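Structural overview for review
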Amino acid sequence: MNSPPPAIEAPIIPPRPDKLAPPKPPKRPPFRPFGGLLRALVILAGVGVLGGGVAGYGLYRALEADLPDYRWLADYSPPQMSRIYAGDSRLMAELAAERRVFVPIEAIPRRLQQAFIAAEDQNFESHGGVDPVAVMRAIITNIEQYGTGRRMVGASTITQQVAKNMLVGSDRTVLRKAREALLAMRLENALSKPRILEIYLNEIFLGAQAYGVAAAAQAYFNKSLEELTLSEMAFLAALPKAPNNYNPLRFPEQARIRRDWVIERMLEEGMITAQEASAARAETILARPFRRPEVVPVGGHFTEDVRRELISRFGQEQTQGGGLVVRTSLDPALQASTEVALRNGLLAYDRRRGGWRGPLAKSAHGATEWLPALEAFGRPPGMLPEWRQAVVLEIREREARVGWFERAHLRAPAEPRTGSILLEDLAWARPVLPSQGNQPVRLGNAPRRISDVLALGDVILVEPAPSAAPAAATPPRTPAAPRPDRVLLRQVPEVEGAVVALDPNTGRVLAMAGGWSFDRSQFNRASQAMRQPGSSFKPYVYIAALEQGIPPNQRFLDGGVEIATPQGVWRPGNYGGGSTGGYVTMRNALERSLNLVTIRIAQEVGMDRVSETAGRFGVIENMPRFLSMSLGAGETTVLRQAAAYASFVNGGRRVEPTLIDSVQDQRGRVIWRSTNRDCPACSAGPEAGPPRFTDNRRQIADPIAAFQITSILQGAVQRGTGGRAGAGLNRPVAGKTGTTDDYKDNWFVGFTPDIVVAVWVGYDDPRTLGQGETGGTNAAPIFREVLAAALAGSPAVPFRAPPGVALVRIQTDRGETILEAFRPGTENAATTPTEMGSGAAARVDSGLGGLY
């Protein structure tokens, strides 16, 4: 079968160039005029958001790292003054580095809280530290007011203001505002709303140098927060924005307008009714500038001791900035009487022994220019409030004309006054003659003319005298006729003294005078000065013997004693150098303060026992076992002596003297109390009946021995050396005089069943007061004056005898019949002793004998 022949392909002939079709043009994209810009903006925005986020996070981390620690605000207590109050609740002193008054939120009236919330932060209860609504409102308002010159409106919440005031400062920068907002949100998470509001209301500055609402209430209205009216609360809430612009004394109309705005805000928020708002708006803002409360004008040494004790217990910072409320035992009336009594006693001694030591200064100005010159002289230390600084203007034969000035108040102009010093009142002003060493002050003759005492231009101290009553310590031969212009010459004594009065049952110090004047010397001679007690120490020797069963009618030899010591022979003597040479009872020896008998009793009981007794009573700790110590050669303080004698009258229980009754913190919680008596039933209801106290005081002496020594000391006042102490009081008084070697220290320590008073008189640098100047002469009259003031108006109370004591009627050495207190079984135990007693001889020191 034959196949078909293959096909023959025709050759492809390319077309001629001139015969080709023209090419089609390419398609162009559609025209979008904003497409590329939008894409660029989106990309740019994305980059910006990403960069902003990174930068914002970095800024947040930087701000967070730089935030101050805010956690301490949870326990924050602003520094505020501490106050010391007397026993009658009168203010004694304020202790503060800066004057603030902190009030816990519970004590701030709710209306006052609402007033500040309405004025400063309406959404305080709901926001988380920053209020977005207030921020937007502030932005819109500021935009609307741009260019008007008005101050920009803020949007800070109360929490932000706390953060600004307490933590971040007040510089006006964006970074500070950011830190403030961030910190405010942190505070909201860490603190409760009441705590934030409490900090704000106590720290906000409200003008008039007042920080906090309590200080502002005092500064503007002289009121406490509880006494404020609604109108006054609204006014205080109006102050934070611009306190100086709304001061009611300077800008009363602006203050009223701003107050009314706060009232309107409270009404809008439903915090008050329309009637209350209307009444508050109608009330006039009456500013009553703050007057500091009057303080007790006496007790400077007492207050200073309280301050030192507070610092010792709580530290300097807590004492001056902890807002402590300190209740003390001070009796202001008794304190005033105590200071007067001490000054009277020191003045009496100074007039008798001190002489006239000359003028304070000399003025060269004439009689017409004396007032400006006198004003230029400073107030001398120790000058009493009733005294005046004067200059001698004229000298006559029997009187001197002097001039001084008076002021109605501190800022009032000086008004000149003149008066006359009479020669009849200057019998005491004898010139002081030169003396050497420890020699007593030597005085010249009494003045016979005024020029013997004063000269023209002398700057002196005077006191206007009563129109009647002579002023001289020694009555003049011819009484001076009453003259209305009569003044008395005065000078500050060099001699010093101290007095302590305390309750023997509690140890509460009722009065304490540490010297002539706290203004002259802050050194407290009642609690800080260590002085020899002299014969006022002897009761501790006698009570040691009574505790050993020696009866008070036991007889001891009152005769000379010679005791060998490493330094030689010691020969002590009685006051005046004599002795009876016979036997006297222990009672008679203490009533008459016989040294020789005291030494024999000390040997009888042993100086170890005497030293232990002094330690038990707290008068001298670790007393050396020298026989001279039994005569008061050791050293103690007036306060210790008062507390030790209190143990005699309270039945032998240890007394710890206290000045502070209680201390409360700024929230009123008692953080310290001085009482040493437990009262478990005090918190029970009235159905439990009257509570009974448990006395935790340590028994340091046998009650019978304590009563026996009290009875003997009562005899010392009735028949012995302390006669001046109880003169005219007509009540049981017990006590003991004390005079040390060479009359350097004068003492009287005494008591009744209700009070103990200890008195000391002497020079700061121990030197003789002069021959015959004893405790009975100088200290006992001061004691009597203090005791008379303390017991005025109270009934006489006898000393209470303890159970078991035997009261037996006996006859004394002087033939008097008394009731003697005996320990049961010792009524007839008195024996005739040997010359030196049965005790072994004690080791003695030299040069310290002869005390009485």
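In case you missed it, the structure is sitting above this.
Here is a short report on the structure shown in this document.

Reading guide: rules and limits
Residues numbered from 1 in each chain as written. Predicted model: local features only at pLDDT ≥ 70, side-chain atom pairs only at ≥ 80, totals over all residues. Heavy atoms only, no water. Axes fitted to C-alpha atoms, helices over the stretch in contact; angles between N-to-C directions. Helix = DSSP H or I, 4+ residues; strand = E, 2+ residues; numbered from the N terminus. Parallel < 35°, antiparallel > 145°, perpendicular 65-115°, else oblique. Left-handed = near helix turned anticlockwise from the far one by under 90°. Contact = heavy atoms within 4.5 Å. Nonpolar A, V, L, I, M, F, W, Y, C, P; charged D, E, K, R; others polar. Patch = residues over 30% accessible without salt bridge, like charges linked within 9 Å, V, L, I, M, F, W, Y side chains within 5 Å. Areas by Shrake-Rupley, 256 points an atom, 1.4 Å probe, with all protein chains shown as cover. Salt bridge = Lys/Arg side-chain N within 4 Å of Asp/Glu carboxyl O. Buried < 20%, exposed > 50% of the residue type's maximum accessible area, 1.4 Å probe, protein only. Pairing = 2+ DSSP bridges. Phe/Tyr/Trp six-rings, centres within 6.5 Å; stacked < 30°, edge-to-face > 60°. Lys NZ or Arg CZ within 6 Å of the ring centre and 35° of its normal. Core = buried A, V, L, I, M, F, W, Y, C linked by side-chain atoms within 4.5 Å. Polar contact = N/O pair within 3.5 Å; in protein donor to acceptor, adjacent residues only side chain to side chain. Expected span 1.5 Å × (residues − 1).

Each pair of packed helices can be summarised by the angle the axes make with each other and by the distance between the axes. At a minimum axis separation of 9 Å, helix α12 (residues 332-354) and helix α20 (residues 775-791) run at an interaxial angle of 155°. Our classification of the angle between α12 and α20 gives roughly antiparallel. The hand of the α12/α20 crossing is right-handed. Judged by residue contacts, Leu 334, Ser 337, Thr 338, Val 340, Ala 341, Leu 342, Asn 344, Gly 345, Tyr 349 and Arg 352 of α12 engage Thr 777, Asn 778, Ile 782, Glu 785, Val 786, Ala 789 and Ala 790 from α20. Partitioned by chemical class, the residues of the contact of α12 with α20 number nine nonpolar, six polar and two charged.

Another point: a nonpolar patch on the surface. Side chains of Val 135, Met 136, Ile 139 and Ile 143 sit close together on the surface and give an oily, nonpolar patch of about 360 Å² of accessible area. In this structure, Ile 143 sits in helix α3 (residues 132-144).

Let us now look at the pairing of strand β10 (residues 458-464). For a regular strand, side-chain orientation follows a simple rule: the groups alternate between the two sheet faces. β10 sits mainly inside the fold: six of its seven residues count as buried. One ladder, built from two bridges, connects strand β4 (residues 361-362) with β10; its direction is antiparallel. Counted as the bridge partner of Lys 362 is Asp 458 from β10. The pairing of strand β5 (residues 388-395) with β10 spans four bridges and is antiparallel.

Before going further, it helps to spend a moment on the sheet that holds strand β12 (residues 496-502). An order of β13-β12-β24-β23-β22 is seen for the five strands of this open sheet, with the pairing classed as antiparallel. Of all the strands in the sheet, just β13 (509-513) and β22 (734-739) have a single pairing partner and so form its edges. In this sheet, neighbouring strand axes are inclined to one another by 5° on average, regardless of whether the strands run parallel or antiparallel. Relative to strand β24 (residues 756-762), strand β23 (residues 745-751) runs antiparallel, the two sharing seven bridges. Within β24, the residue paired with Phe 751 across the bridge is Val 756.

Now for the packing of aromatic side chains. The description of an aromatic ring pair rests on the distance of the ring centres and on the angle between the ring planes. Across all of its chains, the model carries 16 aromatic pairs by this definition. A ring pair is formed by Trp 356 and Trp 428, whose centres lie 6.2 Å apart and whose planes are at 80°; its orientation type is edge-to-face. Within this pair, whereas Trp 356 is found in the loop between α12 and β4, its partner Trp 428 is found in the loop between β7 (415-422) and β8 (432-433), the two being separated by 72 residues in sequence. Judged by its relative accessible area of 8%, Trp 356 is buried. Members of the aromatic cluster, joined through ring pairs, are Phe 537, Tyr 540, Phe 617, Tyr 645, Phe 648, Phe 751 and Phe 799. Over the aromatic face of Tyr 763 sits the side chain of Arg 767, whose NZ or CZ is 3.7 Å from the ring centroid.

Turning our attention to the nonpolar core. In this structure, Val 500, Phe 537, Tyr 542, Phe 648 and Phe 751 are the most contacted members of the largest nonpolar core, which totals 87 residues. Contact partners of Val 500, with chain neighbours within four places excluded, come to Val 509, Ala 511, Met 512, Ala 526, Val 638, Leu 639, Ala 642, Val 756, Val 757 and Ala 758. By size, the runner-up hydrophobic cluster in this structure holds 55 residues, among which are Ala 163, Leu 201, Tyr 220 and Ile 285.

Before going further, it helps to examine the side chain of Asn 574. Residue placement: Asn 574 occurs in the loop between β16 (568-570) and β17 (583-585). Separated by 2.9 Å, the side chains of Asn 574 and Asp 558 make a polar contact. Here the side chain of Asn 574 touches Asn 595 through a polar contact of 2.8 Å, landing on its backbone nitrogen.

Notably, Ser 593 is not glycine yet its phi reads approximately 55°, a positive angle. Along the polypeptide, Ser 593 turns up in the loop between α15 (586-591) and α16 (595-605). The class for Ser 593 is buried, based on a relative accessible area of 7%. If you check the backbone angles, Asp 742 has positive phi at about 65° while not being a glycine.

What follows concerns helix α9 (residues 252-268). The end-to-end C-alpha distance of α9 is 24 Å, a good match for the 24 Å that 17 residues give at a rise of 1.5 Å each. If you check which residues of α9 are buried, you get Ala 255, Arg 258, Arg 259, Asp 260, Val 262, Ile 263, Arg 265 and Met 266. For α9, the elements touching its buried residues are α2 (110-120), α8 (230-237) and α10 (274-282). The positive-phi residue at the C-terminal boundary of α9 is Gly 270, with phi of around 75°.

By themselves, these observations are geometric and do not establish any function.
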